[in-house]
Amino acid sequence: MKLEENPQEYADVRLQVPSEFQQRSGLCLLRSGMSRTKPHYEIGPRKLIHYSLHFVIKGTLELQDENSTYLLEAGTMFCLFPDITYRYKKASEKPLELCWLLLDGFLVRPALSMLGIQEHKPFAVQPWGQQMKLLHERIHHTIGKDSPLQQQSLLYELLQLLQTTQESGAGREPSAWLEYCALYMQLHYSEPLRVEALAVEAGVHRSYFSAAFRKHFGQSPKQYLTSIRMKKALELLESPGLPIQEIALTVGYPDLFMFTRAFTSYFGEAPTEYRKRGTRSGEPD
């Protein structure tokens, strides 16, 4: 692969405009690149509007955000999050090689969270083996070609590989699996979810799961799930023609009695009384 010289590095960078299908998928690729940096390599300060997922293949990189400075060795991946100012530079005499994917879509942040990457900790250990190298090259070569389905499939394959590698190593960071479980509840609140099942989904013991969840979110898993259901119930109660029993089933309660009891306990009044008042109650302090 031919690398073109620019003032900071020797790089192969490819750009694309995602198809409508890719944009609607929640995860789309805007740019892919790989580079061998020059000795004086230094980028920033800069702020992006998308997610730039980088992999340190060789060497050492110093990454600085608005609050901290990180020294990232080979075998690390990091993300530049939207609307945060970053600086990064070559941090040793060793050659520095990088590759990256610029991503967009509503699924990117949850996917990064599952990998243990968030704004306050924008990096994770990620060995760069032959499988990773070949997969990135395949993604890189789909840019500019009429192959949106193939590209999407390869992106998901990459995320699956990254997640598998993370889980087979030191394990996911607690914040990652907790955020995953929170998202799980947000997506499936209408189902009869149980704490035991959520702990199994996270791969931890129930007692540890409940304690870690409360510490991270400030409320128990059951309270968190109830708050999601009650917020949705308030939205549905704004529709005067929608029967309250139907609302109960929609937000995950098996019958009207259990929904009414939960709603009254949460807001201090029954759903029928709330609807009669015709004003939004808001959540309790």
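Here, every reference points to the structure presented above.
Thresholds, definitions, all that
Residues numbered from 1 in each chain as written. Predicted model: local features only at pLDDT ≥ 70, side-chain atom pairs only at ≥ 80, totals over all residues. Heavy atoms only, no water. Helix = DSSP H or I, 4+ residues; strand = E, 2+ residues; numbered from the N terminus. Buried < 20%, exposed > 50% of the residue type's maximum accessible area, 1.4 Å probe, protein only. Contact = heavy atoms within 4.5 Å. Areas by Shrake-Rupley, 256 points an atom, 1.4 Å probe, with all protein chains shown as cover. Lys, Arg positive; Asp, Glu negative; His and termini not counted. Charge placed at Lys NZ, Arg CZ, Asp CG, Glu CD. Pairing = 2+ DSSP bridges. Axes fitted to C-alpha atoms, helices over the stretch in contact; angles between N-to-C directions. Phe/Tyr/Trp six-rings, centres within 6.5 Å; stacked < 30°, edge-to-face > 60°. Lys NZ or Arg CZ within 6 Å of the ring centre and 35° of its normal. Parallel < 35°, antiparallel > 145°, perpendicular 65-115°, else oblique. Nonpolar A, V, L, I, M, F, W, Y, C, P; charged D, E, K, R; others polar. Patch = residues over 30% accessible without salt bridge, like charges linked within 9 Å, V, L, I, M, F, W, Y side chains within 5 Å. Salt bridge = Lys/Arg side-chain N within 4 Å of Asp/Glu carboxyl O.

A.B. asks: Tell me what's going on with the overall build of the protein, and back it up with residues and numbers.
C.D. replies: For the protein, the helix and strand inventory stands at eleven helices and eleven strands. For the protein, with 285 residues in total, the buried portion stands at 45%. Summarising the internal contacts of the protein: among those between residues at least 6 apart in sequence, 68% fall at separations of at least 24. With the model as given, the accessible surface of the protein reaches about 15200 Å², and the carbon-plus-sulfur share is 53%. Where the 32 positive side-chain charges of the protein centre and where its 32 negative ones centre are 1 Å apart.

A.B. asks: Can you tell me about the sheet that holds strand β4 (residues 42-47), naming the residues and giving the values?
C.D. replies: Read across the sheet, four strands follow the order β4-β9-β6-β7 without closing on themselves; strand pairing throughout is antiparallel. One side of each edge strand has no neighbouring strand; the edge strands of this open sheet are β4 and β7 (69-73). Averaged over all pairs of adjacent strands, the angle between strand axes in this sheet comes to 15°, irrespective of strand direction. Of the pairings in the sheet, the one linking strand β6 (residues 60-64) to strand β9 (residues 85-90) comprises four bridges and is antiparallel in character. Within β9, the residue paired with Gln-64 across the bridge is Arg-87.

A.B. asks: Summarise the pairing of strand β2 (residues 9-15); cite the residues concerned and give the values.
C.D. replies: Strand direction decides the pairing type here: strand β1 (residues 4-5) and β2, joined by two bridges, are antiparallel. Bridge pairing links Glu-5 to Tyr-10 in β2. Here β1 folds back onto β2 in antiparallel fashion, the turn holding three residues. Taken together, the seven bridges between β2 and strand β3 (residues 28-37) define a ladder with antiparallel strand orientation. When the sheet's bridge partners are listed, Ala-11 is paired in β3 with Ser-35.

A.B. asks: Tell me about the packing of aromatic side chains, and please be specific about residues and values.
C.D. replies: Overall, the coordinates contain 15 aromatic pairs when judged by the stated rule. Of note, Lys-38 hangs over the ring of Tyr-10, and the distance from its end group to the ring centre comes to 5.3 Å. Positioned above the aromatic ring of Phe-123 is the side chain of Lys-121, whose terminal nitrogen or guanidinium carbon lies 4.8 Å from the ring centre.

A.B. asks: Lay out the packing of helix α8 (residues 221-237) against helix α10 (residues 256-267) with the relevant residues and their values.
C.D. replies: It is at 11 Å that the axes of α8 and α10 come closest, and there the two elements cross at 100°. Comparing the axis directions of α8 and α10 gives the class roughly perpendicular. From α8, Thr-226, Ser-227, Met-230, Ala-233, Leu-234 and Leu-237 reach across to α10, where they touch Phe-259, Ala-262, Phe-263, Tyr-266 and Phe-267. Tallied by class, residues from the contact of α8 with α10 come to nine nonpolar, two polar and no charged.

A.B. asks: Tell me about the environment of Phe-209, and name the residues and values.
C.D. replies: Along the polypeptide, Phe-209 turns up in helix α7 (residues 206-217). For the pair Phe-209 and Val-195, spaced 14 residues apart in sequence, the C-alpha separation works out to 8.5 Å. Non-local contacts of Phe-209, meaning those with residues more than four positions away in its chain, are made with Trp-177, Cys-181, Val-195, Leu-198, Ala-199, Ala-202, Val-204 and Pro-221.

A.B. asks: Break down the packing of helix α6 (residues 195-202) against α7 for me, citing the residues and quoting the values.
C.D. replies: Between two packed helices, both the angle of their axes relative to each other and the distance between the axes serve to describe the pair. α7 packs onto α6 with a crossing angle of 90° between their chain directions and a minimal axis gap of 9 Å. Considering their axes alone, α6 and α7 lie roughly perpendicular with respect to each other. Across the interface between the two elements, Val-195, Glu-196, Leu-198, Ala-199 and Ala-202 from α6 touch Arg-206, Phe-209 and Ser-210 from α7. When the residues that make up the contact of α6 with α7 are grouped by side-chain class, the tally is five nonpolar, one polar and two charged.

A.B. asks: If you had to explain the environment of Arg-261 to someone new, which residues and values would you point to?
C.D. replies: Along the chain, Arg-261 turns up in helix α10. The exposed category is assigned to Arg-261, whose relative accessible area is 52%. On a C-alpha basis, the gap between Arg-261 and Pro-271 in space is 9.4 Å, while along the polypeptide they are ten residues apart.

A.B. asks: Now, about a nonpolar patch on the surface: what can you tell me, with residues and values included?
C.D. replies: Where nonpolar side chains cluster on the molecular surface, the patch consists of Phe-106, Leu-107 and Tyr-156 and spans about 310 Å² of accessible area. Counting through the fold element by element, Tyr-156 comes out in helix α4 (residues 148-168).

Function cannot be inferred from these measures alone, as they are strictly geometric.
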